[in-house]
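Chain by chain, the residues:
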Amino acid sequence: MTEQQKKICDKWKSHLANHVVKHDLDNLVMPYIKAVVEKNLPVIIGLNHLASMMQLNADTLKRMIVSSHSFYHSFTIPKRKGGTRQIDAPYPSMIKAQQWIYHEILSKITISPSATGFIPHHSIKDNASAHLFQRCLLLLDVKDFFPSIKWHKVYAVFRHLGYPKNIAQYLASLCCLNGHAPQGAVTSPALSNVISRRLDARIAGIAKKYQINYTRYADDMTFSGERISKRFQSFVNKIVEDDGFKINQDKTRFIKGKHQKIVTGISISEDKLTVPKSKRREIRQHVYYINKYGLSEHQKKIGNNDPIYLERLIGYLHFWHSIEPDNQFVNKSLESLSFAREKIQNVDIGIAPEVSDLVFEEYQLSFEKI
């Protein structure tokens, strides 16, 4: 324990002795305080104290804990390959609570080096680049990833950090909906990495034994090497199931040799990071027709009435630029489409230029393959 941490503990001991705890302070309370302070985590003394740190009304926070479903808006979005995905979007008060939990607690927990998603200064480029120059590629998808992260696993995270049962229950309840981590909650991505530490460590261990590279970007597990055997894949499946997850066999892909290899939306087939050929053709075609006929006419021809269609296209071009910064087509297209956007804004139809930045982030963080 550092001198600064000792000062924090002494300050808490003095405060509790004078204002809150009247007996057995050293045996009941101080061990907890020391445990979290040593991890540079916030000390939480009861629900009212938690509400104060989150800058929320205590009664509101209590309702959020006991009735979390009242603080979400749920909807579905289509998947690229059919079916729908449910998104549970938290209301502002729940977002505020979850942001506090993320910044003050979850962001301070060390995760596996195999995890590449939802980490500051990391992106799908880091995930893909780990598998360059390899002959074989195995892609596995964890089925129902966030719904598989149950309340008891989330509760165990906070208990393991040193928080007492009641505080761990408050924090877990704020991170869960209907008994699991919801897709849409601020805390779910970080929790998925924390809870998957044991899974990542076990898989990384066996991958090293077989001289195979392993990374995980959210629910996408990628393996590469000179050779990947069926026996190795069966070991991985067993480890995944042991940790309470399940592989989606319909999405399992094994690729070897010179066949096209795509990792989290990025092609590594040419021993460098590139945008997949099919996506390049698609984007080139859209840009060509916009420049030739104009945005409005092009959208009519393809039957697209998306009000931020142009922003999505510019967003993807920014993503493409991040992968291939010297690509002249991308640079010229960004220039021409930015000019088209300026023309639209001049007639005041109200599309904000910063939308493309958000769309770029969507491509960086999306679970769906681009």
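Quick caveat, the model's predicted, so the values are computed rather than measured.

Q: Would you take a moment to explain the pattern of salt bridges for this structure?
A: Side-chain pairs of opposite charge can arise where the charged atoms are in close proximity. Counted according to the given criterion, the structure contains 12 salt bridges. With a shortest N-O distance of 3.5 Å, Asp242 and Arg202 are connected by a salt bridge. Residue Asp242 is found in helix α12 (residues 230-242), and its partner Arg202 is found in helix α11 (residues 197-209); the two are separated by 40 residues along the sequence. Judged by its relative accessible area of 41%, Asp242 is partly exposed. Among the ionic pairs, Glu297 bridges to Lys300, the shortest N-O distance being 3.8 Å. Taken together, the residues Glu297 and Lys300, both in helix α14 (residues 295-302) and three residues apart, mark about one turn of the helix. Overall, the relative accessible area of 58% leaves Lys300 in the exposed class. Three or more residues are tied together by salt bridges with common partners; here these are Arg198, Arg202, Lys238, Asp242 and Asp243.

Q: Quick question: what am I supposed to make of the sheet that holds strand β6 (residues 253-256) here?
A: Pairing between the strands of a sheet is mediated by backbone hydrogen bonds and can be parallel or antiparallel. The four strands lie next to each other as β4-β5-β3-β6, forming an open sheet whose pairing is antiparallel. Each edge of the open sheet is held by one strand with a lone partner, namely β4 (213-217) and β6. For this sheet, the mean inter-axis angle between neighbouring strands, taken without regard to orientation, is 15 degrees. Bridge count between strand β3 (residues 136-141) and strand β5 (residues 220-225): six bridges; the pairing is antiparallel. Across the sheet, Leu137 pairs through a bridge with Ser224, a residue of β5. The strands touched by α11 within the sheet are β4 and β5, with β4 carrying the most contacts at an inclination of about 155 degrees.

Q: Sorry, what's going on with helix α4 (residues 46-54) here?
A: Each turn of an α-helix holds 3.6 residues, which means side chains three or four residues apart point in the same direction. Every buried residue of α4 is listed here: Leu47, Leu50, Ala51 and Met54. Buried residues along α4 cover an arc of 100 degrees about the axis, so they all sit on one side. Across from the buried face of α4, at angles greater than 90 degrees, the exposed residues are Asn48 and Ser52. On the buried face of α4, the contacting elements are α5 (58-66), α6 (92-104) and α9 (165-175).

Q: Is there a simple way to think about a nonpolar patch on the surface in this case?
A: Taken together, the side chains of Tyr288, Tyr289 and Tyr293 define a hydrophobic patch exposed on the protein surface, amounting to about 290 Å² of accessible area. Tracing the backbone shows Tyr288 in helix α13 (residues 277-293).

Cut-offs used in this document
Residues numbered from 1 in each chain as written. Predicted model: local features only at pLDDT ≥ 70, side-chain atom pairs only at ≥ 80, totals over all residues. Heavy atoms only, no water. Salt bridge = Lys/Arg side-chain N within 4 Å of Asp/Glu carboxyl O. Helix = DSSP H or I, 4+ residues; strand = E, 2+ residues; numbered from the N terminus. Buried < 20%, exposed > 50% of the residue type's maximum accessible area, 1.4 Å probe, protein only. Pairing = 2+ DSSP bridges. Axes fitted to C-alpha atoms, helices over the stretch in contact; angles between N-to-C directions. Contact = heavy atoms within 4.5 Å. Arc of directions from axis to C-beta. Patch = residues over 30% accessible without salt bridge, like charges linked within 9 Å, V, L, I, M, F, W, Y side chains within 5 Å. Areas by Shrake-Rupley, 256 points an atom, 1.4 Å probe, with all protein chains shown as cover.

None of this, on its own, says anything about what the molecule does.
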